[in-house]
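Geometric and topological summary
The lines below spell out each chain.
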Amino acid sequence: MNIIDVSKLVFEYIRRDDEGNVEGITTAIDHVDMEIKQGDFVAVLGHNGSGKSTLAKHLNAILYPSEGTVWVDGKDTQEEENLIPIRKSAGMVFQNPDNQIIGQIVEEDVGFGPENLGVETKQIWERVEESLKAVGMYKYRKKSPNRLSGGQKQRVSIAGVLAMHPKCIILDEPTAMLDPSGRKEVIRAVRALNEVEGITVILITHYMEEVIHADKVYVMDKGRVEMQGTPKEIFAQVDKLRSLRLSVPQVTLLAHELKKSGVALPDGILTTQELIEELKKVR
Amino acid sequence: MIREITFGQYYQTDSALHRLNPRVKLVGTMIYIISLFLFKEAAPFALALVFLAAIIKLSHVPFKYMIRGLKAVIVLLLITAVFNMFLTRGEALVSFWGLTITKEGVIAAVFIALRLIFLIIGSSVMTLTTTPNQLTDGLEKLMGPLKVIKVPIHEISMMMSIALRFIPILLEETDKIMKAQMARGADFDSGNMIKKIKAMVPLLVPLFVSAFRRANDLAMAMEARCYQGGEGRTKMKPLKYGKSDVLAYVVLAVYLAGVIVLGKWL
């Protein structure tokens, strides 16, 4: 069964002048279709302004479609009574770690979601413990979030969502404000959730290195889905990606350039290991 | 300089005071403040000092940490003391330029300064040993009866806890904006008062803009985590009175009685 179904989604931002007259309409999402299976790791790529964050907000019923429909776990996001069940089954992690941590202590923040859901006190503690352990932040549970690094804060945010026992986690550029080591930390935690706990992950990002392990990749530009497929299929089309102002991983780029200058390599090489293997074959 | 303000911040350690029910601490702070303003004699103040010293010792928070909080209000303290010194009528000690310092004035100034210092340290002990969440939980519980007359207690306490959480973040941001502007030649330190205040405007505008942006983000994050007001919410750390809380109430009652006895009959 599909955990998320997006059908002909259109979203328009309407700009108004001071009197409230419509000045202009920006179409942020333009007829997007998307099907995401339970347990998948899906990445949505796009440069700034491609509509990927707007899309993410639809999956959590923070924004509603102008046209088309979004179903999360079989529920239409436009029905008001579905709001809480949808937000419960599709948790969301945002870009800025400082602006989404509510508690003054790590464990209190992780407990915020379950508290809102009306979970019993004893179970809240169990959930907090298991979520913090899942992201490797259990030993920081008594710390103030202000004393953590960016990557650690983001892992706390993920734990906060996990504690609500979602079927699916949407991460809206969770690594955009982090340094390289923080990025790795967060991506490792997210992959573990997907592989070990079987939670569906939708990762919105513009870092190519983060999507090579995804099951499926969507590439967005100007509100449309321009490409979709496995990472291999996507990264085989280096020139098209470049025309969408996206860079490819360095290894892929190297392989691409080598191929162009006559080395017999296959398309869509994603890791250094792979390139080494293929180069060995060539000799 | 900005980071030195400790008022309203939590100091993480483990102590009997940290474990106390926040309601006890709130009531205790209130009783302590009232006790400071009940009498003007030296004896109750001595008791208040002893009590405060004992509390500080119990809290395991370094004393230096609390004193830092005083720096922020030192100007206010001086102004209050000076005004008291000059404006209280009584036996003249010295007079110059048509102003007179009176004996009563000096005494009043000392008392008011002591009161303020005790008050600030006393209440910062509470905020240093209580997480904002506990604090607002405590307030919510204490003011619970007001819900009957439709006072939005839960919302008020939520706003307070969020405000407290963002104090250090916004302070850090102010520091950052200040440095960024100083790097481009902004001058915050020279000139007279009016000039200094005018120099703050380019600091406040970006600060407000960013605060609103943060507020917007935070509201979204809270909604995404199913926040829908106080109704149907459970507590991760429900407040329950324990033995030590009862003991603390007894200690408070003894203290208050002691102050009253000392003030009335000595």
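Attention here is on the structure that accompanies the text. All of these numbers come straight from a predicted model, not from anything done at the bench.

Basis of the calculations
Residues numbered from 1 in each chain as written. Chains lettered and ligands numbered in written order. Predicted model: local features only at pLDDT ≥ 70, side-chain atom pairs only at ≥ 80, totals over all residues. Heavy atoms only, no water. Axes fitted to C-alpha atoms, helices over the stretch in contact; angles between N-to-C directions. Helix = DSSP H or I, 4+ residues; strand = E, 2+ residues; numbered from the N terminus. Parallel < 35°, antiparallel > 145°, perpendicular 65-115°, else oblique. Left-handed = near helix turned anticlockwise from the far one by under 90°. Contact = heavy atoms within 4.5 Å. Nonpolar A, V, L, I, M, F, W, Y, C, P; charged D, E, K, R; others polar. Buried area = accessible area lost by both parts, 1.4 Å probe. Salt bridge = Lys/Arg side-chain N within 4 Å of Asp/Glu carboxyl O. Polar contact = N/O pair within 3.5 Å; in protein donor to acceptor, adjacent residues only side chain to side chain. Pairing = 2+ DSSP bridges.

1. Thoughts on the packing of helix α5 (residues 74-87) of chain B against helix α6 (residues 103-129) of chain B
Axis angle and axis distance: for two packed helices, these are the angle between their axes and the distance between the axes, and together they describe the pair. All names here are of chain B. Running from N to C, α5 and α6 cross one another at 155°; their axes reach a closest spacing of 7 Å. Classified by the angle their axes make, α5 and α6 are roughly antiparallel. Every pair of crossing elements has a handedness; the one defined by α5 and α6 is right-handed. For the pair α5 and α6, the contacting residues are Leu-77, Thr-80, Ala-81, Asn-84 and Met-85 in the first and Gly-105, Val-106, Ala-108, Ala-109, Ile-112, Ala-113, Leu-116 and Ile-117 in the second. Partitioning the contact of α5 with α6 into residue classes produces 10 nonpolar, 3 polar and no charged.

2. As for the interface of chain A and chain B
In this complex, chain A contributes 40 residues to the contact, which on the side of chain B involves 32 residues. Of all residues in chain A, Asn-99, Gln-104 and Asn-116 of chain A give up the largest surface area on contact with chain B, accounting jointly for 21% of the area buried on that side. For the pair chain A and chain B, the interface holds 3 salt bridges. Summed over the shared surface of chain A and chain B, the result is 13 residue pairs in polar contact (both at pLDDT 80 or more). Those elements that provide at least two residues to the side of chain A that touches chain B are α2 (83-89), α3 (106-117) and α4 (121-134) of chain A.

3. A closer look at the sheet that holds strand β4 (residues 67-72) of chain A
Residues and elements named next belong to chain A. Read from one edge of the open sheet, 4 strands run β2-β1-β4-β5, paired in antiparallel fashion. Only two strands of the sheet have a single partner each, and these edge strands are β2 (22-37) and β5 (75-76). As judged from the 2 bridges shared by β4 and β5, these two strands associate in the antiparallel manner. In the sheet register, Val-72 faces β5, and the bridge partner there is Lys-75.

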